[in-house]
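Summary of structural features
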Amino acid sequence: MATQFLPAPENLSPKVSPFWHRIFPVNIDLAMKSIFGVWTAYFVVNALRALLWGAPDHTHDLEDYLITATISVTVTWALYRLLILMGDSTGRALFILTIPTIFLAIGVAYLTNLIQSYPVPMLDHISLEHNIPSREALSHFFDTAFVDYLILVGWGGLYLAMANSRKTQVALIHSRNLERATRESEMRALRYQLNPHFVFNALNSVSSLIIDKKNGPAENLVDGLADYMRSVLNDDGDDMITVDQEIAQQVRYLEIEQVRFPKRLKFEVQIDDDVRAWKIPALIIQPLVENAIKHGVAQSCGPVRVVISAVKDAGRLKLEVANDGRMLAGNDKAKGTGTGLSNIKERLAALYGPSAALFTGNDKKGMVAATIIIPDEQQIFRDYCL
């Protein structure tokens, strides 16, 4: 299965010319949208206020707000460049939004009033424009600068919050992509893991048949082993196969093992028709079947029955591998199956999270059973914790 990586938000920025990338080198979409958005909103709100509640002649008011918005866009861009120079330092960013931003706000107020009052002195213009005494003009100027300061600080906080949110999101997506690549690499590696004892024993069985001059059974065993290894090692780009395919592989495995234990190994397969096409991880029950042979058939002197079943239970897939015998508490041999079982649990957790499970124990039929519970197949590779 080819790894499907999630796109990082930084790759979703609008495609613009290199000129704009030089103007906005970092978070171009966030910077452009927030700067122009804030001051466009400022102009629109004040323009509507002037039109609805202002004097009969609104031309001068609209020009004033347009001049203020234009200057403020430039000054906010300068604040943006100062913030990106600070890098990831929160302390330095907060410093920029306090002391330097005060002077930027005063600069916005000064340039705006200077342009609006030309050629009249600025304080005289403020006094006449707002019908206040000359001694209060300077106080009004600083009131205007304080409003500009609050807007600039508000924009700075908004930009930093969005930038940090994006940075966190990118880190999370990179982490999930790495996790997904690691998970799929582990699952693919498992496809190439053949039990060396199984191969060794199968080759010994072939050798014994050849020594006994049983060429027909030996040829069948070699063909079966080759067919099984081909199906296991075949890398067709899909680590998910149907229940039918998975169990068919295990039947080949059991047929090979049956040559080693012709009188002791008996096996049965029970599959409900409505789960045959259910997608499951490849080789998910292979360790269970191997354990049934190793701890059931190989340890017994009499016939042992191995039963593989696949049924739908309460909307979930129930895969079970059972063999004659009893699992004893504290049995060291039973504990020897831990590696295979741990491998299954890790694969289930990686694919389905807490929705899947593996249980082992003695069932009511007097058999040792290992049961895998798998949720609806649509939950495969669902990012349940993203």
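Quantities reported herein were computed from a predicted structural model and do not represent experimental measurements.

Conventions and cut-offs
- Residues numbered from 1 in each chain as written.
- Predicted model: local features only at pLDDT ≥ 70, side-chain atom pairs only at ≥ 80, totals over all residues.
- Heavy atoms only, no water.
- Axes fitted to C-alpha atoms, helices over the stretch in contact; angles between N-to-C directions.
- Helix = DSSP H or I, 4+ residues; strand = E, 2+ residues; numbered from the N terminus.
- Parallel < 35°, antiparallel > 145°, perpendicular 65-115°, else oblique.
- Left-handed = near helix turned anticlockwise from the far one by under 90°.
- Contact = heavy atoms within 4.5 Å.
- Buried < 20%, exposed > 50% of the residue type's maximum accessible area, 1.4 Å probe, protein only.
- Pairing = 2+ DSSP bridges.
- Nonpolar A, V, L, I, M, F, W, Y, C, P; charged D, E, K, R; others polar.
- Salt bridge = Lys/Arg side-chain N within 4 Å of Asp/Glu carboxyl O.

Between helix H10 (residues 243-260) and helix H11 (residues 286-297), the least distance of the axes is 10 Å, while the angle of their chain directions is 25°. As far as their axial angle goes, H11 and H10 are roughly parallel. For H10 against H11, the interelement crossing comes out right-handed. From H10, Glu246, Gln250, Tyr253, Leu254 and Glu257 reach across to H11, where they touch Gln286, Val289, Glu290 and Ile293.

Further remarks concern the environment of Ile280. Among the structural elements, Ile280 can be located in strand S3 (residues 279-281). Residue Ile280 is classed as buried on the basis of its relative accessible area of 0%. Residues Ile280 and Asp244, 36 residues apart in the sequence, show an inter-C-alpha distance of 9.9 Å. With residues near it in sequence (within four places) discarded, Ile280 still touches Asp239, Met240, Ile241, Thr242, Val243, Glu246, Leu317, Leu319, Tyr352 and Ile374.

Overall, mixed pairing links the five strands, which are arranged S2-S4-S5-S7-S6 in an open sheet. Two strands bound the open sheet, and with one partner strand each, they are strand S2 (265-271) and strand S6 (357-362). Sheet twist, expressed as the average angle between the axes of neighbouring strands with direction ignored, equals 15°. The strands touched by H10 are S2, strand S4 (304-313) and strand S5 (316-324); relative to S2, the strand with the most contacts, the crossing angle is about 170°.

Once that is clear, we can look at the packing of helix H5 (residues 99-117) against helix H6 (residues 122-130). Interaxial distance between H5 and H6 falls to 9 Å at its minimum, and their mutual angle equals 80°. Considering the angle they form, H5 stands roughly perpendicular to H6. Only Met122, His125 and Ile126 of H6 make contact with H5, whose side of the interface consists of Tyr110, Asn113, Leu114, Gln116 and Ser117. Here the residues of the contact of H5 with H6 are counted per class, giving four nonpolar, four polar and no charged.

Here Leu209 is to be found in helix H8 (residues 196-211). Each C-alpha atom, one on Leu209 and one on Glu219, is 9.1 Å from the other, the two residues being ten residues apart in sequence. Beyond its immediate sequence surroundings of up to four residues, Leu209 is in contact with Lys214, Pro217, Ala218, Leu221 and Val259.

Taken as a whole and judged by the stated rule, the model has five salt bridges. Note that Arg276 and Asp244 form a salt bridge whose closest N and O atoms lie 2.8 Å from each other. Of this pair, Arg276 sits in the loop between S2 and S3 while Asp244 sits in helix H10, and the two are 32 residues apart along the sequence. Accessibility expressed as a relative area gives 31% for Arg276, which makes it partly exposed.

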